[in-house]
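Examination of the molecular architecture
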Amino acid sequence: MNAETLIPVLGVVTDIRMDTPDVKTFRVVTPEGKKPFEHMPGQCAMLSIPGVGEGMFSITSSPTNTEYMEFSIKKCGCLTTWLHLMDVGQQITVRGPYGKPFPVETELKGKDLLFIAGGIGLAPLRSVINYVRDKRENYGDVQIVYGSRSKSDLVDYREIIDEWMADEGISVNLTIDNPEDGWEGHVGFVPNYVKELNPDIKKTVLVCGPPIMIKFTLAGLRELGFKDTQVYTTMELKMKCAVGKCGRCNIGDKYVCKDGPVFRFDELGELPDEY
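These lines cover the structure that appears in this document, whether it is placed above or below. (Residues numbered from 1 in each chain as written. Predicted model: local features only at pLDDT ≥ 70, side-chain atom pairs only at ≥ 80, totals over all residues. Heavy atoms only, no water.)

What about the sheet that holds strand S12 (residues 231-234)?
The mixed open sheet is built from seven strands, whose spatial order is S10-S9-S8-S7-S11-S12-S15. Among the strands making up the open sheet, the edge pair consists of strand S10 (186-187) and strand S15 (262-264). Where strand S8 (residues 142-148) and strand S9 (residues 170-176) come together, seven bridges link them in parallel fashion. Note that in S9 the partner of Val 145 across the bridge is Asn 173. Sitting on the sheet, helix H3 (residues 157-164) touches S8 and S9, and the angle it makes with S9 is about 150°. In this fold helix H4 (residues 190-197) packs onto strand S7 (113-118), S8, S9 and S10, with an angle of close to 145° to the strand it touches most, S8. (Pairing = 2+ DSSP bridges. Helix = DSSP H or I, 4+ residues; strand = E, 2+ residues; numbered from the N terminus. Contact = heavy atoms within 4.5 Å. Axes fitted to C-alpha atoms, helices over the stretch in contact; angles between N-to-C directions.)

Spelled out as C-alpha cells, the structure:
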C-alpha cells in the first residue's frame, strides 16, 4: 500500500442500475470522466459521502474495463441508505484499492474454475468472472453456480442471461430458495445444488455469499473430495479501516485488510464463529 491509496479521489456517479429491490449498481468516474484508479479482481475501495460516513465495498467491475468503476451495494444501513438515495450526477469520494486480490495471474491461470455465489455474494465475484471472460485464452472451462432467495433477488440477472450464458466454455447454473410463478429453473439452496451438480474435483473454486452458505458449501465441497487448498473466498465484509489500525477485522492471527480479503481456506485454519 502506498500513500496514494489513502487520499480520496472525487468521483461522479454517471449511472445507477436497480439490480434487485435492495441492490443498486453505481457507475463512478472522476470529474474528468476517467476511471478513479486501477485495481485487480477482489480488491475493495472506501466510498464516502462527506457528512454522512464512509464504508468499504467490493469493486464489482473488472480491471479490464478502462472507462469506469462499478459498485453493487445492498441497502442495509445508514450509509447504504444514503447511497441508494443518490441521483446521477452526485459526487462522492473514493479511495483505494485495498486488500489482496484473487490470484488471477498466478494460481488461477490455466485452471478450470468453479464460481459459487449466494445473494449479494455475486458482486465481488463479478469482477473476477468478467476478468476471466475478457482473457478467456488464459483459463479453462468456467462453471458458475449462483442462487438467491427469489428470482428478483438475483443480482446482475440480465448480464448473466444475455452475456455469461452466451459465452462459449462458460456454464451457468441458477437456483432460488423456494418455488415461485414464472421460475422454471432449479429450486433449492446453493450448497445442496453444488452437491447435486457434482462438479469435477480438479476445478479451482471461488466462493462468496452469506456466512451460513459458505459454511455448508465448504462442507459439501469437502464431501465431494475438494481440498481446502483448492477453494478461495473473500471476507471483505469484515474490513473496516482497511489499513490494519482499528483491529476489528482479525481472524485468528490474521487481519482481513492486510492479509486478505481474499484467502485460500487452508490459510484461515478455522472460520470465525459467525461462519
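As for the side chain of Thr 20
Looking at the secondary structure, you find Thr 20 in strand S1 (residues 9-20). A residue is classified by how much of its surface remains accessible, and Thr 20, at 3% relative accessible area, is buried. Looking at Thr 20, its side chain comes within polar contact range of the side chain of Asp 22, at 3.0 Å. Only 3.0 Å separates the side chain of Thr 20 from the backbone nitrogen of Val 23, close enough to count as a polar contact. In this view, Thr 20 contacts Ser 152, Asp 153, Leu 154 and Val 155; residues no more than four positions away in its chain are not counted. (Buried < 20%, exposed > 50% of the residue type's maximum accessible area, 1.4 Å probe, protein only. Polar contact = N/O pair within 3.5 Å; in protein donor to acceptor, adjacent residues only side chain to side chain.)

Thoughts on the nonpolar core
By size, the foremost hydrophobic cluster in this structure holds 31 residues, and its most contacted members are Phe 102, Leu 108, Phe 115, Leu 125, Ile 144, Tyr 146 and Leu 206. Top element by residues in this core is helix H2 (residues 122-134). It accounts for six residues. Those residues in contact with Ile 144, other than ones at most four positions away along the chain, are Phe 115, Ile 129, Trp 164, Ile 170, Ser 171, Val 172 and Asn 173. Counting residues in hydrophobic clusters, the runner-up holds 28 residues, among them Ile 116, Phe 226, Val 231 and Val 256. (Core = buried A, V, L, I, M, F, W, Y, C linked by side-chain atoms within 4.5 Å.)

Considerations on the state of the cysteines
Any covalent bond linking the sulfur atoms of two cysteines counts as a disulfide. Per the counting criterion, the structure on display carries zero disulfides. Counting only cysteine sulfurs, Cys 78 is the nearest neighbor of Cys 76, a cysteine outside any disulfide, at a range of 11 Å. Overall, the relative accessible area of 63% leaves Cys 76 in the exposed class. (Disulfide = S-S within 2.5 Å.)

Some thoughts on the packing of H4 against helix H5 (residues 211-224)
The interhelical angle for the contact between H4 and H5, taken along N-to-C directions, is 20°, at an axis separation of 8 Å. In terms of their interaxial angle, H4 and H5 are classed as roughly parallel. H5 is crossed by H4, and the crossing has right-handed handedness. Taking contact as the criterion, the partners of Val 190, Pro 191, Val 194 and Lys 195 in H4 are, on H5, Met 213, Phe 216, Thr 217, Gly 220, Leu 221, Glu 223 and Leu 224. (Parallel < 35°, antiparallel > 145°, perpendicular 65-115°, else oblique. Left-handed = near helix turned anticlockwise from the far one by under 90°.)

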